[in-house]
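# Observations on the model geometry
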Amino acid sequence: MTDYHEMWKELGMDIESHDTLCEVLPNAIGDVFLSQENRPKAMDFWDMVISEVHGIRPHELIEEQKKGRKVFGTFCVYVPDEVVIAADGIVTGLCGGSQFWVPAGEAVLPKSTCPLIKASVGARLGRTCPFFRIADMYVGETTCDGKKKAYEILGEDVPMHIMDVPQMKREKDIIRWKEEIAEFAEKVEEFTGNEITAEKLGESIRIINEKRKALARVFECRKSECLPISGRDALLMMQISFFDDPVRCAEMCNRLADELEERISNGVSVVPAGTKRILLTGTPLAVPNWKLHNIIETSGAAVVCEEMCTGTRYFENLVDESKTTLDEQFMALSERYMKTNCACFTPNTGRIDDIQRMVKEYKVDGVIDCNLKFCCLYDTEKYSVSRALKNEGVPVLSLETDYTDTDAEQLRTRIGAFVEMLNA
Amino acid sequence: MPEVMRHYILVDNNEQGMKLHRILDEDGVENRIAPVPQSIQGEYPCGMSVMIGDGLLDKAVASIGRHGAEYYKIVSVEVPFMPNRDRYC
Ligand code: SF4
Ligand code: SF4
């Protein structure tokens, strides 16, 4: 078996503490993923990646760094990967999804900070995640207040660039985001030493669009009455897409989509006919946050869509590939990214429109709207989401959770009752 | 929950593991990529293995022999998966 200890040591990681994280992973993967029957064979790629999640990809990134390439760590789907790739840089997602990292985050942040932020800061400062050690530069954004303040702390430990995300979506905001992207491009050029040309940006726009199309193909299959993949497996694919090489990611997702399409034509479903279909909306589910999906899918329902940044918001809307100057391309990027409907914006009615559309497209029986504890933005939007859905006669369950296991029983009770109500 | 026996074929690296996985697939031996279980991780945390269910060990060994496939060792473990355990990471 490959021994990654030397690599982790060279990254300055706290090996002893990290080993305890490695110890709990196999049981969780077994319970959540391997316990399922009739999984698509093409999940083997993601099974491999998650089995060696702190080994395979970190090793690849380090090898690329040795060739002089720079790795940029990001925390939000507003940061355009295309710009980094155009300068021969590599992007890796950095959002922390494990309770394991929370205490180290709480050592410097208020307890009343959302777990995603606490885990992200804890993973860096606790030196227990290779990705957080490898990234040469972090790219933050001015989305929510908790993140803005956390970036100030992280910025003391690692080179940091902050992108100023607008709070509204007027024409002038789209122009402002375009300017912010242009400034980011300059920063990336300076940091990598590589020029971004219109040709290179055109190519990276194409690469990321192909990745989006491949993810969309998998989601298209989830719209089928005959459900060829569980929500848990689709979530794993999505979570790892934030870390993977974009070309390989597209290839693997297309391979999976091929199998899912074949399953649909052969009538192969992972759930019995009539299983209630759930759309999950709300705050992102960073790896290895699998709690909600696992509870829903072991309570007699199936997750068929995630309206969240680790879901449809990551791949819907393509960047216009027809532009030939950098100025036009930056505008095309801004236009695409500003279509992402995050609760950090006001108003954010586009999110409700999206949920209503997806309820129809994915043939949804009920919506679960869940935010991470202390995320007041998504918590507040629950009111308008639930009102809009109830007006349309769509059952909604509003929940709040964090990364601990302690509320699992309570979640099981509430989700179980919701599914029972849908079945009545 | 009844104790379930699973067999984990440990490998030297992930390339070897994926090769073995493909060979078993070709021979129709149902298998999945799985992390090495915690109880046998030893000094190598964060590693993949090829997992096969109870009753398939003989078929797997025959297939490996036929193809001269390489692996490190086979370990059998009684660990039931418990989807309702609610122990996440
Ligand atoms: S929820 Fe908002 S802040 Fe978080 S990743 Fe999505 S767009 Fe960014
Ligand atoms: S979940 Fe909410 S509080 Fe947490 S990082 Fe995202 S927007 Fe900020």
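Overview of the structure. Note that the structure is predicted; figures quoted are calculated from it, not measured.

The secondary structure content of chain A amounts to 19 helices and eight strands. Radius of gyration (C-alpha) of chain A: 21 Å, near the 22 Å computed for a compact globule of 424 residues. For chain A, the C-alpha atoms occupy an extent of roughly 60 × 50 × 45 Å along the three principal directions. Split into buried and exposed, the 424 residues of chain A put 62% on the buried side. Put simply, 75% of the contacts in chain A that link residues at least 6 apart link residues at least 24 apart. Element-wise, carbon and sulfur atoms account for 51% of the exposed surface of chain A, whose accessible area totals about 15,700 Å². When the 51 basic and 71 acidic side-chain charges of chain A are each reduced to a single mean position, those positions are 3 Å apart.

On to the pattern of salt bridges, then. Residue and element names in this part refer to chain A. On inspection of all chains with the given rule, the structure shows 44 salt bridges over all chains. Where K147 meets E141, a salt bridge forms, and the shortest distance between an N and an O atom there is 3.5 Å. R357 is paired through a salt bridge with D354; the nearest N and O atoms lie 3.2 Å apart. With R357 and D354 both in helix α17 (residues 349-361) and three residues apart, this pair spans about one turn of that helix. Judged by its relative accessible area of 30%, R357 is partly exposed.

Residue and element names in this part refer to chain A. Pairing is parallel across the open sheet formed by four strands, whose spatial order is β2-β1-β3-β4. Strands at the two margins of the open sheet, each flanked by one partner only, are β2 (90-93) and β4 (160-163). Between one strand and the next, the sheet's axes are offset by a mean angle of 30°, whatever the strand orientation. Bridge count for strand β1 (residues 71-74) against β2 is four bridges, and the pairing is parallel.

If you look at the interface, chain B gives 34 residues, while chain A gives 44 residues. Counting the surface chain B buries against chain A, the share from its top three residues, R32, Y88 and C89 of chain B, is 25%. Our count for the chain B to chain A interface comes out at four salt bridges. Linking R412 of chain A and D86 of chain B is a salt bridge whose minimum nitrogen-to-oxygen distance equals 2.6 Å. The tally of links between chain B and chain A comes to 15 residue pairs in polar contact (both at pLDDT 80 or more). Among the secondary structure elements, those contributing two or more residues to the side of chain B that touches chain A are α1 (14-26), β2 (32-35) and β3 (48-53) of chain B. Across the side of chain B that touches chain A, the residue classes tally to 19 nonpolar, eight polar and seven charged.

A word on the site of ligand 2. All residues adjacent to ligand 2 are C114, I117, C144, K147, T283 and C375 of chain A. Here the residues of the shell around ligand 2 are counted per class, giving four nonpolar, one polar and one charged.

On any regular strand, side chains alternate: one points to one face of the sheet, the next to the other face. All names here are of chain B. Here strand β1 (residues 5-10) lies mainly inside the structure; five of its six residues are buried. When β1 meets strand β4 (residues 73-78), the two strands line up antiparallel, connected through six bridges. Considered in β4, the bridge of I9 is made with I74. The pairing of β1 with β3 spans five bridges and is classified as antiparallel. Bridge assignment links L10 to a residue of β3, and that residue is S49.

To continue, consider the packing of α1 of chain B against helix α2 (residues 57-67) of chain B. Residue and element names in this part refer to chain B. At a minimum axis distance of 10 Å, the contact between α1 and α2 shows a crossing angle of 110°. Taken together, α1 and α2 sit at an angle that is classed as roughly perpendicular. Contacts from L20, I23, L24 and E26 in α1 reach A60, S63, I64 and H67 in α2. Of the residues assigned to the contact of α1 with α2, the class counts are five nonpolar, two polar and one charged.

Each value, and the rule that gives it
Residues numbered from 1 in each chain as written. Chains lettered and ligands numbered in written order. Predicted model: local features only at pLDDT ≥ 70, side-chain atom pairs only at ≥ 80, totals over all residues. Heavy atoms only, no water. Helix = DSSP H or I, 4+ residues; strand = E, 2+ residues; numbered from the N terminus. Rg over C-alpha atoms; globule rule 2.2 N^0.38 Å. Buried < 20%, exposed > 50% of the residue type's maximum accessible area, 1.4 Å probe, protein only. Contact = heavy atoms within 4.5 Å. Areas by Shrake-Rupley, 256 points an atom, 1.4 Å probe, with all protein chains shown as cover. Lys, Arg positive; Asp, Glu negative; His and termini not counted. Charge placed at Lys NZ, Arg CZ, Asp CG, Glu CD. Salt bridge = Lys/Arg side-chain N within 4 Å of Asp/Glu carboxyl O. Pairing = 2+ DSSP bridges. Axes fitted to C-alpha atoms, helices over the stretch in contact; angles between N-to-C directions. Buried area = accessible area lost by both parts, 1.4 Å probe. Polar contact = N/O pair within 3.5 Å; in protein donor to acceptor, adjacent residues only side chain to side chain. Nonpolar A, V, L, I, M, F, W, Y, C, P; charged D, E, K, R; others polar. Near = heavy atom within 4 Å. Parallel < 35°, antiparallel > 145°, perpendicular 65-115°, else oblique.

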